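Survey of secondary and tertiary structure
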Amino acid sequence: MPTDLSIDLPLIDHHCHGVSPAELDFAAFQALFSESYRPAPPGTTEFQKPLGLAIRRFCAPMLDLEPSCPAETYVERRLALGAAEVNRRFLRACGLDSLLIDTGHRSSSILAVDAMAEAAARPAHEIVRIESVAEEVAKSGVSAAAFPEAFADRLAERAASAVGLKTIVAYRCTFKIDQTAPARDAVVTAADAWFKASQGTGKYRLSDPTIVRHGLWVGGELCRQRKFPMQVHVGFGDPDVYMHACDPSHFTDFIAAMEKWEVPITLLHNYPFQREAAWLSEVFQNVYYDVGVILNYAAPMSADILGEALEMGKFSKLLYSSDAFGLSELYYLGALLFRRGLKKCLDRWLAEDFCSLADAEELVRLVATENARRIYPMQ
Ligand SMILES: [Zn+2]
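Here the structure is a predicted model, which means the values were calculated and not measured. (Residues numbered from 1 in each chain as written. Predicted model: local features only at pLDDT ≥ 70, side-chain atom pairs only at ≥ 80, totals over all residues. Heavy atoms only, no water.)

1. Quick look at the domain arrangement of the chain
- By domain assignment, the chain separates into domain 1 (11-23 + 91-375) and domain 2 (25-81).
- Taking the mean C-alpha position of each, domain 1 and domain 2 sit 27 Å from one another.
- On the domain 2 side, the residues contacting the 25 residues of domain 1 number 19 residues.
- Taken together, both faces of the contact between domain 1 and domain 2 bury some 1,900 Å²; the carbon and sulfur share is 68%.
- If you sort the residues of domain 1 by the area they bury against domain 2, Tyr297, Leu327 and Glu329 come out on top, with a joint share of 33%.
- There are one salt bridge connecting domain 1 and domain 2.
- Taking the shortest distance from any N to any O, the salt bridge between Arg78 and Glu329 comes out at 2.7 Å.
- Applying the counting rule to domain 1 against domain 2 returns four residue pairs in polar contact (both at pLDDT 80 or more).
- Residue assignment for the side of domain 1 that touches domain 2 shows that the elements contributing at least two residues are α13 (294-298) and α15 (328-351).
- Element by element, the count of residues in the side of domain 1 that touches domain 2 is highest for α15, at seven residues.
- Class assignment of the residues belonging to the side of domain 1 that touches domain 2 gives a composition of 14 nonpolar, five polar and six charged. (Domains from an automatic or database assignment. Contact = heavy atoms within 4.5 Å. Buried area = accessible area lost by both parts, 1.4 Å probe. Salt bridge = Lys/Arg side-chain N within 4 Å of Asp/Glu carboxyl O. Polar contact = N/O pair within 3.5 Å; in protein donor to acceptor, adjacent residues only side chain to side chain. Helix = DSSP H or I, 4+ residues; strand = E, 2+ residues; numbered from the N terminus. Nonpolar A, V, L, I, M, F, W, Y, C, P; charged D, E, K, R; others polar.)

What follows is the structure, encoded as structure tokens:
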């Protein structure tokens, strides 16, 4: 039964990416709400899944269309309005407090931090991706012998005005790795092999576990000095992930080491490991978590997933994120589905007399902004 609980507070979107400024045709639009590298099979579309329903149902009215209009009509209207107007409409209707933007993924095809702040008319801060900086240093032509320090210097420089770091260790070598700091000699040997294998290809994709571990520990040290969090990708995402080995409970050695350094670890996405993430928030002082991106993909079922994240996890540790990339629709839906899901869960708690309205309002304040503001050094 709905209650008087208001969930309209501005949200800090603590993990998101830039949106595309391009005019997107039907194929290009669909590609940006798919996690696959390949298009939908012939005869089918990406609209034939929960997220497709949500775009047609909730985003169409924002473009002056009837709810649940045909997919082709939606994309035509989007093109007629133009990407800049569409992005402004959705980003400004999210009710955001501020945005924390990961700039390490396909940054040349999406708006940069300043342009996002302008489009959203809200403050935006940068999160620097550790592995992208390592790849940038490798590409620069530095010698393997100089790599360990050159990387540390570059990471500190890139993060000078950032509010946190991010690692995609889960993508590159899963969590089932040795999580200790590698010896300097081992890093140089691994860098040498990496550079030799990449020479002439123009591609320096980092997947060597020794270098990735070096990145984690150099990044951890920087987080300790700067007193900002390390975001850790968990679970659901691109196809280059071995899902079974990306359960965050495999990563407890590194999490425990960062706990000693008082470095907050923010576990991103987490699906289908939202229960594991919630448990980690209970047992480790430094663990925070969200259920970003999956709320969009699960749309009509998103409140159930948020409910699982709230089963026993600390609501002093839960954060909001859309994990939107490319489409401003994903920002809008992320905020809408999060608010709907949270209200549904808390209305139930209220109806079953587990909390007072004041308790529920405090929980909303914590997850909307206060938890993020406690750990990210935003001005
Ligand atoms: Zn992301």
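Here the narrative resumes, following the displayed structure.
2. So, the environment of Pro300
- Note that Pro300 resides in the loop between α13 and α14 (302-309).
- Using a relative accessible area of 57% as the deciding quantity, one classes Pro300 as exposed.
- It is 8.6 Å that separates the C-alpha atoms of Pro300 and Leu337, two residues lying 37 residues apart in sequence. (Buried < 20%, exposed > 50% of the residue type's maximum accessible area, 1.4 Å probe, protein only.)

3. What to know about the side chain of Arg129
- Structurally, the position occupied by Arg129 is in strand β3 (residues 124-129).
- What makes Arg129 buried here is its relative accessible area of 8%.
- In this structure the side chain of Arg129 is engaged in a polar contact, spanning 2.9 Å, whose partner is the side chain of Asp102.
- Non-local contacts of Arg129, meaning those with residues more than four positions away in its chain, are made with His17, Asp102, Gly104, His105, Lys166 and Ile168.

4. Points about a nonpolar patch on the surface
- Residues Trp279, Val283 and Met312 make up a contiguous nonpolar surface patch of about 280 Å² in total accessible area.
- Along the chain, Trp279 turns up in helix α12 (residues 274-283).
- Taking the relative accessible area as the measure of exposure, Trp279 reaches 38% and is therefore partly exposed. (Patch = residues over 30% accessible without salt bridge, like charges linked within 9 Å, V, L, I, M, F, W, Y side chains within 5 Å. Areas by Shrake-Rupley, 256 points an atom, 1.4 Å probe, with all protein chains shown as cover.)

5. Digging into the sheet that holds β3
- The strand order β1-β2-β3-β4-β5-β6-β7 describes an open sheet built from seven strands, whose pairing is parallel. At either margin of the open sheet sits one strand with a lone partner, and together these are β1 (11-16) and β7 (287-289). The mean angle between the axes of side-by-side strands here comes to 25°, regardless of whether they run parallel or antiparallel.
- Alignment of strand β4 (residues 164-167) against strand β5 (residues 230-234), held across three bridges, turns out to be parallel. Looking at the pairing, Thr167 lines up with Val232 of β5. (Pairing = 2+ DSSP bridges. Axes fitted to C-alpha atoms, helices over the stretch in contact; angles between N-to-C directions.)

6. A short note on the coordination of the zinc ion
- Every protein donor of the zinc ion is accounted for by His15 (NE2), His17 (NE2) and Asp323 (OD), and the metal-donor separations fall at 2.0 to 2.1 Å.
- For the zinc ion, the single-chain donor residues occur in sequence as H-x1-H-x305-D. Placement of the pair is His15 in strand β1 and Asp323 in the loop between α14 and α15, with a sequence separation of 308 residues.
- Under the relative-accessibility criterion, His15 is labelled buried at 1%. (Donors = N, O, S within 2.8 Å, 3.2 Å for Na, K, Ca; no water.)

7. Concerning the packing of helix α6 (residues 130-139) against helix α7 (residues 147-158)
- Put simply, α6 and α7 touch, their axes get as near as 9 Å, and they point 125° apart. Taken together, the axes of α6 and α7 lie oblique to each other. Crossing of α6 over α7 shows right-handed handedness. Contacts from Ile130, Val133, Ala134, Glu136, Val137 and Ala138 of α6 reach α7 at Phe147, Ala150, Phe151, Arg154, Leu155 and Arg158. (Parallel < 35°, antiparallel > 145°, perpendicular 65-115°, else oblique. Left-handed = near helix turned anticlockwise from the far one by under 90°.)

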